[in-house]
Each structure stands twice: as C-alpha cells, then as structure tokens.
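# A look at the structure
So you can see what is in the structure, the chains are spelled out below.
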Amino acid sequence: MTLTTAPATAADVAAVDLDGVVRRYGPVTAVDGITLRIRPGEVVALLGPNGAGKTTTVDMLLGLQRPDAGRVQVYGRTPQEAVALGLVSAVMQSGGLLKDYTVEETVRLTAVLFGKPRSAVAQALDRAGLTEIAGRLVGKCSGGQQQRLRFAMALLPDPELLILDEPTTGMDVGGRHEFWTAIRDDARRGRTVIFATHYLEEADAYADRVVFVRRGRIVADGTAAEVKALAAGRTVRATLPGADEASLTAIAGVERAEVRGDTVYLHGRDTDEIARHLLTRTGARDLEITSRNLEDAFLTLTADEETPR
C-alpha cells in the first residue's frame, strides 16, 4: 500500500490547532474547552496528572476520536486526512510490535506499508540507534530498545508531526540523552514534536514549551521558566534527622513539606522565615534555598482535591 505524498506545508499554517475542543464520555467531560495552537518546529511537553485529558487529546490529534464540540486541525487538515497523508506519526508506550520478527524485519515491513525504499530502513535504524541489534528478535529486546524500535517505525513516513507517549520509558540515562538529541535535531529541521512524560526533567531540558492540563483544561502554557514562575515561592532544603512532616507543615510559611531520610524539603513563599525557624528552633544544618523546579510547579498548578476524571 502506497500513501499519497503530502504537499509542502505552508509556513503560516499551524502544526496543531485546537479551538474550544470538548470530548465527553457520558456524564464525564474528559476534555473541557481546550484551545491550543502549536507552530511548526516546536517541541511541546503536554503534562498533567492521570485523568487530566492528555490521552483523549492525543487520540483526537491522531483521528482515533472525534470532539463533541470545537475544532481539531493538523497542518490545516482533519486529523484523519493528516494521518492518511503521513503527516503524523506516534510513538506509543506499548503495543504494536511482533515479538517473533527481528528489529530490521519490523522496520522493513513498516517501510513497505509506506512505500519507502530499502535505504529508508537503514536510515531509520541508524536514527534510532538500532543498527547494532538489527538482527535481534523483538521479543529479546529490552523495554528501552522496543521504544527505540517504535521511534524508528514512526520516522519512516518522515512525518511533519511526531507525537510521543512516554518515549524514553525503559531507556538508560545514555539512551535517553541520545534520543532527545535526535529529537532536537529533527525539530531544528522543522519537525513538530508533542510529548507526554513522567520525567519532568526531560520537559524542563528539551521542550520549547510546557503545557499543563488539569481536569480537561489548560492551566499553564509557556516556556519551562515561565511555567515555573507561576508557582511562586522557593524551597528550603536542610539536614534534620528525625523530622516528621506534620511538625514541619506546622511551621509558619510552609505550604508543603517532604521528608527523605535525614533531608527535609520545605516549600513556601517566605523561605527566609522558614530558614530562620529551622536555624533557631531546630537542629537543622546544611541549609540551602533554591527556586522551585518544574516538579514543584506541576504539583502546585495541577493539584486538585477532587477525584480526577
């Protein structure tokens, strides 16, 4: 089967254009009026707690679901048209692999489906760092190697938009670094990337833009630095053996406390007052005050006392 080649994409056309998108499942609203415009070549992290609506949003971008209200467009087309033209590829967290095929056979089969030449197979294997294990059975590959294989398969249609769901799950530190180096290189060439990850440091390091979703709505959208600034306050880290969270939370100015062994982390707005209390009323030592990181922003901006939908 050979898919039609898409025409060149106009620079002024948004890679992704969601306008007032709503998706319901009976009485539950999974996506509640999301409006999001992503420019070609952007690397965007789509983050949120379980049940926030990320998967439903991605499914609509892939044409697997249709919105109940609003508009979804990918490079000015419906998602179904964009997928059929090879404009969109996805690397999902699981599934889609035949265990009794080799890595190369799997990529070769995918290449045939997209009408790609044999040279494209070698290029995809190289880009995904799989050349050395091309003859290995998929069932014998580690979880990280299988994720790399899904990445190689997704590269074959040479998509304009690449959607990644937990793309580095199972990869070691070196593999994760190589993977994101390849992604950034693709983005410099104009490919748009949307990814979801539980490794917030990846979003901080590699995303041009971070979008937080909570209960089907966007609650933050900007660069990592801009999003972190929305979670006002700083963190006091100190060594304090025997501390418990209840007593730490009772300290004036503390919004959230964590205890990790002998180390405590106190999050709040008036960190000078918190530090003063620790130094004068406890045996704390090795104090350090730092700005909040993306994880702090995530916890602050996506916190919800109600049960997630």
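Residues numbered from 1 in each chain as written. Predicted model: local features only at pLDDT ≥ 70, side-chain atom pairs only at ≥ 80, totals over all residues. Heavy atoms only, no water.

## What to know about the overall build of the chain
For the chain, the helix and strand inventory stands at eleven helices and 13 strands. Its C-alpha atoms give the chain principal-axis dimensions of roughly 75 × 45 × 35 Å. By residue count, 46% of the 309 residues in the chain fall in the buried class. Residue pairs at least 24 apart in sequence account for 68% of intrachain contacts in the chain once pairs closer than 6 positions are excluded. Accessible area of the chain: about 15100 Å², with a carbon and sulfur share of 49%. (Helix = DSSP H or I, 4+ residues; strand = E, 2+ residues; numbered from the N terminus. Buried < 20%, exposed > 50% of the residue type's maximum accessible area, 1.4 Å probe, protein only. Contact = heavy atoms within 4.5 Å. Areas by Shrake-Rupley, 256 points an atom, 1.4 Å probe, with all protein chains shown as cover.)

## Some points on the nonpolar core
Formed by 48 residues in total, the largest nonpolar core has its most connected members in Leu47, Leu164, Phe195 and Phe212. At six residues, helix α5 (residues 143-155) tops the list of elements feeding residues into this core. In this view, phenylalanine 195 contacts Val43, Val44, Ala45, Leu46, Leu164, Trp180, Glu202, Ala203 and Ala207; residues no more than four positions away in its chain are not counted. (Core = buried A, V, L, I, M, F, W, Y, C linked by side-chain atoms within 4.5 Å.)

## What to know about the packing of α5 against helix α6 (residues 173-188)
Packed helices, taken two at a time, are described by their axes: the angle between them and the distance between them. Axis separation between α5 and α6 bottoms out at 12 Å; the angle between their running directions is 15°. By the angle between their axes, α5 is roughly parallel relative to α6. In the crossing of α5 with α6, the sense of the turn from one axis to the other is left-handed. Between α5 and α6, the contacting residues are Arg148, Phe151 and Leu155 on the first element and Gly175, Glu178, Phe179, Ile183 and Asp186 on the second. (Axes fitted to C-alpha atoms, helices over the stretch in contact; angles between N-to-C directions. Parallel < 35°, antiparallel > 145°, perpendicular 65-115°, else oblique. Left-handed = near helix turned anticlockwise from the far one by under 90°.)

## Some points on the pattern of salt bridges
Opposite charge on two side chains permits pairing when their charged atoms draw close. With the rule as written, the count across this model stands at 26 salt bridges. Put simply, aspartate 17 and arginine 71 hold a salt bridge, and the shortest N to O gap is 2.8 Å. Of this pair, aspartate 17 sits in strand β1 (residues 16-25) while arginine 71 sits in strand β4 (residues 69-74), and the two are 54 residues apart along the sequence. On the accessibility criterion, aspartate 17 (12% relative accessible area) is buried. Assessed through its relative accessible area of 36%, arginine 71 is described here as partly exposed. Of the charged contacts, one joins arginine 191 and aspartate 186 as a salt bridge, the two residues approaching to 2.9 Å between their closest N and O atoms. Comparing arginine 191 with aspartate 186 shows no difference in burial state: the two are buried. (Salt bridge = Lys/Arg side-chain N within 4 Å of Asp/Glu carboxyl O.)

## Remarks on the sheet that holds strand β10 (residues 234-239)
The antiparallel open sheet is built from four strands, whose spatial order is β11-β12-β10-β13. With one partner strand each, in any of the chains shown, β11 (254-260) and β13 (285-291) form the two edges of the open sheet. When the angles between neighbouring strand axes are averaged without regard to direction, this sheet yields 20°. Summarising the sheet, β11 and strand β12 (residues 263-268) pair through six bridges and their orientation is antiparallel. Along β12, the bridge assignment pairs alanine 257 with leucine 266. Most of the contacts of helix α10 (residues 271-281) go to β10, to which it runs at about 15°, and overall it touches β10, β11, β12 and β13. (Pairing = 2+ DSSP bridges.)

## Concerning the environment of glutamate 258
Tracing the backbone shows glutamate 258 in strand β11. Judged by its relative accessible area of 17%, glutamate 258 falls in the buried class. Distance from glutamate 258 to alanine 243, taken between C-alpha atoms, is 9.7 Å for residues 15 residues apart in sequence. For glutamate 258, the side chain forms a polar contact with the side chain of histidine 267, separated by 2.7 Å. (Polar contact = N/O pair within 3.5 Å; in protein donor to acceptor, adjacent residues only side chain to side chain.)

## Comments concerning helix α11 (residues 294-302)
Among the residues of α11, Leu294, Asp296, Ala297, Phe298, Leu301 and Thr302 are the ones counted as buried. For α11, the N-terminal capping position is held by asparagine 293, with its side-chain oxygen 3.1 Å away from the main-chain nitrogen of glutamate 295.

## Here we look at the packing of aromatic side chains
For the structure on display, the rule yields five aromatic pairs. Plain terms: the ring middles of tryptophan 180 and tyrosine 206 are 5.3 Å apart, the flat faces sit at 10° to each other, and that makes the pair stacked. Pair noted here: tryptophan 180 is in helix α6 and tyrosine 206 is in helix α7 (residues 200-206), with a separation of 26 residues, a long-range link. For the pair tryptophan 180 and tyrosine 206, one class covers both residues: buried. Members of the aromatic cluster, joined through ring pairs, are Phe151, Phe179, Trp180, Phe195 and Tyr206. Geometry around tyrosine 199 places arginine 176 over its ring, the cationic atom sitting 3.9 Å from the centre. Geometry around tyrosine 265 places arginine 260 over its ring, the cationic atom sitting 4.3 Å from the centre. (Phe/Tyr/Trp six-rings, centres within 6.5 Å; stacked < 30°, edge-to-face > 60°. Lys NZ or Arg CZ within 6 Å of the ring centre and 35° of its normal.)

## Observations regarding helix α1 (residues 54-61)
The buried fraction of α1 amounts to seven of the eight residues, a majority that puts the element mostly inside the structure. Taken as a whole, α1 has its buried residues at Lys54, Thr56, Thr57, Val58, Asp59, Met60 and Leu61. Backbone geometry just downstream of α1 places glycine 63 in the positive-phi region, at approximately 75°.

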